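Remarks on the overall topology
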Amino acid sequence: MEMDPAAITTPKIKTENLNFFYGGFHALKNINLNVHEMQVTALIGPSGCGKSTLIRLFNRMSDMTPKTRAEGKIMFEGGNIFDAKTDLVKLRRNIGMVFQKPNPFPKTIFQNISYGPEIQGCKDKDFIYHRVEESLKKAALWDDVKTRLHSSALGMSGGQQQRLCIARALAVEPKVILFDEPCASLDPISTAKIEELILELKKNYTILIVTHNMQQASRVSDYTAFMYLGNLIEFGQTDRVFTVPKDKKTEEYLSGVFG
Amino acid sequence: MKNKIIQACGFALLSACMIITALFLAGIIYFIAVNGRQALSWQFLTAPPLNGMSAGGVAPAIVGTFYLTMGSVIFALPLGVGCAVYLQEYSAGGRMSDIIRVAVNNLAGVPSVVFGLFGLGIFVKFLGFGVSILSGSLTLGILILPGIISASQEALLAVPVSFKEASLAIGATKWQTIKRIILPCALPGILTGVILGIGRAAGETAPILFTAAAFYKRGYPNSLFSEVMALPYHIYALMTEGVNPEKQTAIAYGCALILVAMVALMSSLAIFIRNKYRSAYGNGPRRNYNA
Amino acid sequence: MNSLKERLIKYAFTAMGYLSLLLLFGIMAVLFIESRPAVKELNILNFLFGPQWRPARTPAEYGILPLIAGSLSVSFGAISICVPLGAGAALYLNELAGETQRRVLKPVIEILAGIPSIIFGFFGLVAVAPFLQETFNLPVGVCLFTASIVLGIMTIPAITTICEDALSFVPRSFKEASFAMGANRWQTLTKVTIPAAGSGICTAIILGIGRLMGETMSVLMVAGGAAVIPKSIFSPVRPMTAAIAAEMGEAARGSMHYSALFLIGLVLFLITLALNILSEHISKKYRLKLGQGR
């Protein structure tokens, strides 16, 4: 696999010979990927290619699945996240995640956001209130919900719920945000809003997004990684990957030969 | 044509089963309600027994049942929820959790009189608590423990994994996630289990026969180590001991009515809570049939 | 510091998990320890198959065959009442009852399943026994027959609930396939639904037997209490549970009688344990059969 010259900058996250197994199934094979700071990196590929598996490794959500095993390294801020001494709590505060289906807690809108700061031990009410407001503003949700902060989050529309989940992730001030097919269950209008939001967020955050929507990848990402059957087939700047793919598989996938 | 006749007969048979069942059970409840109502009065509920059980009220038995039931819940609730949390959150999928699961299931099938023997052997004799509220409460607590464990476990299982993931992904610790997200979501289900447990503990007689119950006790219990009167045991005692069977039977009707009403109320409450929250996150826990 | 707290919490929960395991073993241990004098003194075969239970006599005789016979006869008598009625009612609920009926009947049956056994014993004593005594002109109203009826009625709601559960597990597609072949509802019920739920219903019966064997208060009150092997359905009997409950009060602590009662408890415990394991085994297989195993 070849790197674009432009891709060789200081990466925020870097995987080194990463392999991952579900029991006997070899789900990720020798992945070497750089995630660049303040950029959006999209992971694309047909379903089952390992892109969701990969993204769940960056904050070690993969630990929740029993009988799995990872080999190789994921370097983040100078350390390998698989090290025994890695503090998972700290890691996950630095690397936030937004899931495929909006999953707000069955609490009020306010409580959903304040949860993050509160579990960090923050007791200052004013501080928390400001953090909530700020997070909701960043997620472009403040104007929609400022009058009903104390009503249940479950009463919101799907798109709003997903933006709430983004705001919830922002409230703990992560450096990286992982999006695992964030628009998979949303309508086109909500999807457009989320995409807009991602473009806005990249000014301050490093973003990694899994999507099986190629148009979405081309709209929001700076870098694209194409995966197939657990292999990282091609990685490069999005424009380049979409216009002149180097690998035949990538070209076939992008032109819809399989998917 | 023949098929139709067979079907009609078959369905008639099934309806008959339902009707007979309903009649039997409705009949029993009606019988107890009608006869028990005559005994009920304010005095019956608030006064102690008089004249060697042939007059007066059953207040000490009501109070005793209350103590025993509360005691059993105080013991079984934390332990049961804790065990369920361990099984569901800390050891899920592990070998140990399978073993414990089997043990809990089997514990649920142990006859209540055997719990009584256990209580007698351990609490009354070995630990020296004597025949007392404490021994009886602990024994009843162990009796309702499997029900509370399985109700809590089902309630925990019904909490969507996505909530847990969301919480962990923000950087919450496991305990924070359990305390602030999982347990609150599972609360209605746990509560259902606890209420059913209360109903069960209130009505059980065999486990307290040798561990707590007294036929007649002057005044109200004043310490954890007192013997107590209890409603279900009182019914038994009224029917099998004493010298004035006729008057005692009338009192027993009253006790039976109170007990049935109490237990039915508890079950209804549990079913109500379960139905109300069932839609929220899947199905609530079911009664533990084994118990 | 945070992780230390997390670890401590984990240990606390683990301890609570193990405690329930410990309880099961604790029950066994207590039964074993307390019954040891009896096991030592009495030959276990003579104990199990001895035809005389006369603990108050001198010399005392500790043969629990009459008690086992009492337990078995009452259980099977009750089973023959509660299984047809309970399963029939479950089929009615599953197949014939409309949505409204089901919404009312299911919770009512569940509530009835929670009525304590002392209530049924009491009812048996004040209503069923005198009624049967008069109707069949019996010398005593409390006997095997009365106990079977009272326990049978008492266990119907539990049997109904478990059977209904088993029936509701039968996939819709099974029924639809049958209807699509032109079978009517009764044929579908007898040829498809009942066989598919068969082992679930089996589980219900086994659990029912276990429950009946362990039932104490109602048999104590209505079975008659005579520790003899029943000669007819109108004989009074003394099931194992009733023997424990009735005699423990009189048995001096530490005496042979006391220890023998614990040994009965152990026998009872082992029987119900075996039935429980059996039913679990069947229901596990059943789930696999319907493709719902994990």
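Residues numbered from 1 in each chain as written. Chains lettered and ligands numbered in written order. Predicted model: local features only at pLDDT ≥ 70, side-chain atom pairs only at ≥ 80, totals over all residues. Heavy atoms only, no water.

1. Notes on the overall build of chain B
- Check the secondary structure of chain B and you find 11 helices and two strands.
- Going residue by residue from the N terminus, the α and β elements of chain B occur as α-α-β-β-α-α-α-α-α-α-α-α-α.
- For chain B, the spread of C-alpha atoms along the principal axes amounts to about 70 × 70 × 35 Å.
- Counting every position in chain B, which comprises 291 residues, the buried fraction comes to 59%. (Helix = DSSP H or I, 4+ residues; strand = E, 2+ residues; numbered from the N terminus. Buried < 20%, exposed > 50% of the residue type's maximum accessible area, 1.4 Å probe, protein only.)

2. Quick word on the nonpolar core
- With 189 residues, the main nonpolar core has Ile235(B), Phe47(C), Trp53(C), Ile119(C), Phe122(C), Ile264(C) and Phe269(C) as its most contacted residues.
- Residues Ile109(A), Ile128(A), Phe226(A) and Leu254(A) belong to the second largest nonpolar core, which totals 43 residues. (Core = buried A, V, L, I, M, F, W, Y, C linked by side-chain atoms within 4.5 Å.)

3. What about the packing of helix H5 (residues 112-126) of chain B against helix H6 (residues 133-157) of chain B?
Residues and elements named next belong to chain B.
- Between H5 and H6, the shortest axis-to-axis distance is 9 Å and the interhelical angle comes to 135 degrees. The orientation of H5 relative to H6 falls into the category oblique. Pair H5 / H6 crosses with right-handed handedness. On H6, the residues that touch Ser112, Phe115, Gly116, Phe118, Gly119, Phe123 and Val124 of H5 are Ser135, Leu138, Thr139, Ile142 and Leu143.
- Considered class by class, the residues forming the contact of H5 with H6 number seven nonpolar, five polar and no charged. (Axes fitted to C-alpha atoms, helices over the stretch in contact; angles between N-to-C directions. Parallel < 35°, antiparallel > 145°, perpendicular 65-115°, else oblique. Left-handed = near helix turned anticlockwise from the far one by under 90°. Contact = heavy atoms within 4.5 Å. Nonpolar A, V, L, I, M, F, W, Y, C, P; charged D, E, K, R; others polar.)

4. Things to note about the environment of Ser268(B)
- Relative to the elements of secondary structure, Ser268(B) occurs in helix H11 (residues 245-278).
- Taking C-alpha positions, Ser268(B) is 9.5 Å from Ile195(B), a pair spaced 73 residues apart along the chain.

5. Here we look at the pairing of strand E4 (residues 40-44) of chain A
Residue and element names in this part refer to chain A.
- Across the five residues of E4, five count as buried, placing the element largely inside the fold.
- Judged by which residues are buried, E4 turns out to be covered on both faces: Val40, Ala42 and Ile44 on one side and Thr41 and Leu43 on the other are all buried.
- Here E4 runs beside strand E9 (residues 206-210); their pairing, made up of four bridges, is parallel. Considered in E9, the bridge of leucine 43 is made with valine 210. (Pairing = 2+ DSSP bridges.)

6. Examining the packing of helix H6 (residues 144-168) of chain C against helix H8 (residues 185-214) of chain C
All names here are of chain C.
- The interhelical angle for the contact between H6 and H8, taken along N-to-C directions, is 145 degrees, at an axis separation of 9 Å. You can see that H6 and H8 cross each other, and the crossing is right-handed. For the pair H6 and H8, the contacting residues are Leu151, Thr155, Ala158, Ile159, Ile162, Cys163, Ala166 and Leu167 in the first and Thr193, Ala197, Gly200, Ile201, Ala204, Leu207, Gly208, Arg211 and Leu212 in the second.
- For the contact of H6 with H8, the per-class residue count stands at 12 nonpolar, four polar and one charged.

7. Overview of the pattern of salt bridges
- Following the criterion strictly, the structure yields 31 salt bridges over all chains and no others.
- Put simply, Arg219(A) and Glu195(A) hold a salt bridge, and the shortest N to O gap is 2.6 Å. Note that Arg219(A) is positioned in helix H8 (residues 214-220) and Glu195(A) in helix H7 (residues 188-201), a separation of 24 residues in sequence.
- On the basis of relative accessibility, which here comes to 8%, the residue Glu195(A) falls in the buried class.
- A salt bridge links Glu95(C) to Arg185(C); the nearest nitrogen and oxygen atoms lie 3.7 Å apart. One end of the pair, Glu95(C), is in helix H3 (residues 65-96); the other, Arg185(C), is in helix H8, with 90 residues separating them in the sequence.
- Assessed through its relative accessible area of 34%, Arg185(C) is described here as partly exposed.
- In this structure, a network of salt bridges that share partners links the residues Lys12(A), Glu37(A), Glu77(A) and Lys175(A). (Salt bridge = Lys/Arg side-chain N within 4 Å of Asp/Glu carboxyl O.)

8. Some words on the interface of chain C and chain B
- Each partner contributes residues to the interface: chain C has 81 residues there, and chain B has 82 residues.
- The largest per-residue losses of area from chain C upon contact with chain B belong to Phe13(C), Phe122(C) and Trp186(C), which jointly make up 9% of the total buried on that side.
- Counting across the interface, chain C meets chain B through two salt bridges.
- Glu34(C) is the salt-bridge partner of Lys125(B), the closest N and O atoms lying 3.0 Å from each other.
- Put simply, chain C and chain B have 12 residue pairs in polar contact (both at pLDDT 80 or more) between them.
- With 20 residues, helix H1 (residues 2-41) of chain C is the single largest residue contributor to the side of chain C that touches chain B.
- Taken together, the residues of the side of chain C that touches chain B sort by class into 54 nonpolar, 16 polar and 11 charged. (Buried area = accessible area lost by both parts, 1.4 Å probe. Polar contact = N/O pair within 3.5 Å; in protein donor to acceptor, adjacent residues only side chain to side chain.)

9. Topic: the interface of chain B and chain A
- At the interface, 19 residues of chain B touch 22 residues of chain A.
- The contact between chain B and chain A buries some 1700 Å² in all, and 65% of this surface belongs to carbon and sulfur atoms.
- The largest per-residue losses of area from chain B upon contact with chain A belong to Glu165(B), Ile170(B) and Arg180(B), which jointly make up 37% of the total buried on that side.
- At the junction of chain B with chain A, the criterion picks out two salt bridges.
- Residue Arg180(B) pairs with Glu118(A) through a salt bridge whose shortest N-O separation is 2.5 Å.
- At the surface where chain B touches chain A, the tally comes to seven residue pairs in polar contact (both at pLDDT 80 or more).
- In terms of residues, the side of chain B that touches chain A owes the most to one element, helix H7 (residues 161-169) of chain B, which gives nine residues.
- Of the residues belonging to the side of chain B that touches chain A, the class tally is 10 nonpolar, six polar and three charged.

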